[in-house]
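Single-letter residue listing:
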Amino acid sequence: MKKIRGFSGNSAGPFQNEFTGEGFLFWASRNDGIYFFDRKSSGISHIDSDNTLLVKSIYCWNNEMFWFSNTSESGASMGLKSVIFTPDYFKHYPVLSNKDDIAQIYAIAKDPEGRLWAGGRGKNPVILINKDSSTEKLIIPEYETRSNRSTVRSLTPSDDGMWIGFFMDLLLFYNYNTGKFERHVAPTGGLRAIVNDTRGRFYLHGNMNDILYYDPEIRDVRKRIPYKPASPIYKLIIDRNGTLWAGLNKSAIFSYGPATERSETVYLLQNEYNIEDICLGDNGDIWLAMLGGGVCNYNPST
């Protein structure tokens, strides 16, 4: 839905002064939903009747949000709903899910061709979104696992394929050229955090106190890297200098330099939060998403 700027008032009364711009008009139709006309840009936005049913009233909250109340066809109250207009650079992609499944996405990645991959749950939980926005599910063969293979927790792109790690012990490689899956016997379970290096090898979470350096060519672990404290690993990332970073619980972040084999654990806060995600900054710093603790910026040099 296109963002409308310049909200000012509502259709039930004169335009008011708390919003900038020339304002907008809206109207509702029993069979055709709600329409919005932006008087400044002359643009029209529409919400179809399947989502609005019988509209009773509309109230503008600010220039990014409005509320409407509605009833069903039989007159039963459907409560109060909010609509939020998002900037044009956001784009919605439909998530294909089975009738009895809850649409949940745990991992997102982009391959070298610019296609989006989304990992969720269900029988075939890998969704491929093509550049033309068409969406398809990849059919995954049945594999024997120690327990239910559960959900996709990691999608790690490489030059020739996509690594797919499940919550349990299933690790798959999807070849872009052949369109076929290949199973690698995972040396560990809980394949949530995986990151590959420039050699085509990758690091993944081992037990509660080590990181595994796995080589797909020999299908074996080349190195085990111990760390403290004993903790799940929520995120692995390699910075521009080749240093490996791991987000742990207890507000701890672990770093390892493959060239020097030096490692260090830094406790960022006294409160104990999970470091769920890590992003590289522009000046050698890193940004950390902490579950319950907000966002933290950390500069290793200072």
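Look up a bit, the structure's there.
These numbers were taken from a predicted model, which means no experiment stands behind them.

Q: Run through the overall build of the chain, naming residues and quoting values.
A: Helix and strand content of the chain: 1 helix and 25 strands. Split into buried and exposed, the 302 residues of the chain put 43% on the buried side. For the chain, contacts bridging at least 24 residues in sequence account for 32% of all contacts bridging at least 6. Surface exposure of the chain reaches about 17200 Å², of which carbon and sulfur atoms provide 48%.

Q: Go over the sheet that holds strand β24 (residues 286-291) with me, naming the residues and quoting the values.
A: In spatial order, the strands read β23-β24-β25; together these 3 strands make up an open sheet with antiparallel pairing. With partners counted over all chains shown, the strands left at the sheet margins are β23 (274-280) and β25 (294-298), one partner each. Averaged over neighbouring strand pairs, the angle between their axes works out to 25 degrees when direction is ignored. Note that β23 and β24 share 6 bridges and pair antiparallel. Paired with Leu 280 across the bridge in β24 is Ile 286.

Q: Help me get a handle on the sheet that holds strand β22 (residues 262-267), residues and values and all.
A: Pairing is antiparallel across the open sheet formed by 4 strands, whose spatial order is β19-β20-β21-β22. Where the open sheet ends on each side, the last strands, each with one partner, are β19 (235-238) and β22. Neighbouring strand axes in the sheet, compared pairwise and without regard to direction, differ in orientation by 15 degrees on average. Here β19 runs beside strand β20 (residues 244-247); their pairing, made up of 4 bridges, is antiparallel. Across the sheet, the residue bridging to Lys 235 is Gly 247, located in β20.

Q: With reference to specific residues and values, describe the layout of surface pockets.
A: Estimated volume of the largest pocket: approximately 460 Å³. Lining the largest pocket we find 20 residues, and of these Leu 155, Arg 192, Ile 194, Lys 235 and Leu 236 sit closest to its centre. Elements represented by at least two residues in the lining of the largest pocket include exactly β7 (107-110), β11 (152-157), β15 (194-196), β19 and β23. The leading source of residues in the lining of the largest pocket is β11, at 5 residues.

Q: I'd love a proper account of the pairing of strand β18 (residues 220-226), names of residues and values included.
A: The pairing of strand β17 (residues 210-215) with β18 spans 6 bridges and is classified as antiparallel. Residue Tyr 213 lies in a different strand from β18, and its bridge partner there is Lys 223. Hairpin connection between β17 and β18: a loop of 4 residues separates the two successive antiparallel strands, and Arg 219 in this loop has a positive phi of roughly 55 degrees.

Q: If you had to explain the pattern of salt bridges to someone new, which residues and values would you point to?
A: Under the criterion given, the structure shown has 10 salt bridges. Of the charged contacts, one joins Asp 111 and Arg 115 as a salt bridge, the two residues approaching to 2.7 Å between their closest N and O atoms. A residue is classified by how much of its surface remains accessible, and Arg 115, at 16% relative accessible area, is buried. One salt bridge in this structure joins Asp 210 and Arg 224, with 3.0 Å as the shortest N-O distance. Within this pair, whereas Asp 210 is found in strand β17, its partner Arg 224 is found in strand β18, the two being separated by 14 residues in sequence.

Q: Please give an account of the packing of aromatic side chains that cites residues and values.
A: Applying the stated rule across the entire model yields 12 aromatic pairs. Ring geometry for Trp 27 and Tyr 35: centres 5.8 Å apart, planes at 15 degrees, overall stacked. Owing to a relative accessible area of 40%, Trp 27 belongs among the partly exposed residues under this scheme. Here a set of aromatic residues connected by ring pairs shows up, and it is made of Trp 117, Tyr 174, Tyr 176 and Phe 181.

Q: Tell me what's going on with unusual backbone geometry, and back it up with residues and numbers.
A: Outside of glycine, negative phi angles account for most residues, and trans bonds account for most peptide bonds. In this structure, Pro 229 follows Lys 228 across a cis peptide bond, with omega equal to 5 degrees. Within the secondary structure, Pro 229 is located in the loop between β18 and β19. Phi angles above zero are rare outside glycine, and Lys 250 is one such case at about 60 degrees. Counting through the fold element by element, Lys 250 comes out in the loop between β20 and β21 (252-257). The class for Lys 250 is partly exposed, based on a relative accessible area of 36%. Positive phi outside glycine occurs at Ser 251, with the angle close to 55 degrees.

Q: Describe the nonpolar core, with residues and values.
A: One finds Trp 117, Leu 155 and Ile 164 to be the most contacted residues of the largest nonpolar core, which totals 17 residues. Grouped together as the second largest cluster of nonpolar side chains are 15 residues, Ala 193, Tyr 213, Leu 236 and Leu 248 included.

Q: Which residues make up the pairing of strand β5 (residues 65-71), and what values do they have?
A: Burial analysis of β5 places 6 of its 7 residues in the buried class, the great majority of the element. With 6 bridges connecting them, β5 and strand β6 (residues 77-84) associate as antiparallel partners. Note that in β6 the partner of Met 65 across the bridge is Ile 84.

Q: Give a detailed account of the side chain of Ser 158, specifying residues and quantitative values.
A: With respect to the secondary-structure elements, Ser 158 resides in the loop between β11 and β12 (161-166). The exposure class assigned to Ser 158 is buried, which follows from its relative accessible area of 15%. Polar side-chain contacts of Ser 158 include one of 3.1 Å to the side chain of Asp 160. At 2.8 Å, the side chain of Ser 158 and the backbone oxygen of Gly 161 are in polar contact. Every residue in contact with Ser 158, bar those within four places of it in the chain, is listed here: Pro 112, Trp 163, Phe 173, Tyr 176 and Asn 196.

Criteria and cut-off values
- Sequence positions are assigned chain by chain, starting from 1 and proceeding in written order.
- In keeping with the predicted nature of the model, local features appear solely for residues at pLDDT of at least 70, side-chain atom pairs appear and are counted solely at 80 or more, and the whole-chain, interface and lining totals rest on all residues.
- Hydrogens and waters are ignored; side-chain quantities use all the structure's heavy atoms.
- Only DSSP runs of H or I covering at least 4 residues are called helices, and only runs of E covering at least 2 are called strands; the numbering of each starts at the N terminus.
- In this scheme, a residue with accessible area under 20% of its type's maximum is buried, one over 50% is exposed, and one in between is partly exposed, where area comes from a 1.4 Å probe on protein chains only.
- Residue contacts are defined here by distance: any two heavy atoms, one from each residue, within 4.5 Å place the two residues in contact.
- Only the protein chains shown count as cover for residues, and the accessible areas themselves come from Shrake-Rupley with a 1.4 Å probe.
- Pairing between two strands requires that DSSP report at least two bridges joining them.
- Comment: axis = line fitted to C-alpha atoms, over the contacting stretch for helices; angle = value between 0 and 180 degrees taken between N-to-C directions.
- Grid points spaced at 1 Å over the protein atoms alone were grouped into cavities, where a 1.4 Å probe fits but cannot get out, and pockets, open sets with protein on both sides within 12 Å along at least five of seven lines, with lining residues defined by an atom within 4 Å of a point.
- Grid points are joined across faces, edges and corners, and a volume is the space filled by probe spheres set on the points.
- Salt bridge, as used here: a side-chain nitrogen of Lys or Arg that lies within 4 Å of a carboxyl oxygen of Asp or Glu.
- Planes of paired rings set the category: under 30 degrees apart is stacked, over 60 is edge-to-face and the rest tilted, where pairs are Phe, Tyr or Trp rings (Trp by its six-membered ring) whose centres lie within 6.5 Å.
- What we call a nonpolar core is a set of buried Ala, Val, Leu, Ile, Met, Phe, Trp, Tyr and Cys residues that are connected through their side-chain atoms within 4.5 Å.
- We define a polar contact as two N or O atoms separated by no more than 3.5 Å, with the added condition that, inside protein, one atom must be a possible hydrogen donor and the other a possible acceptor, whereas residues neighbouring each other in sequence contribute only through side-chain atom pairs.

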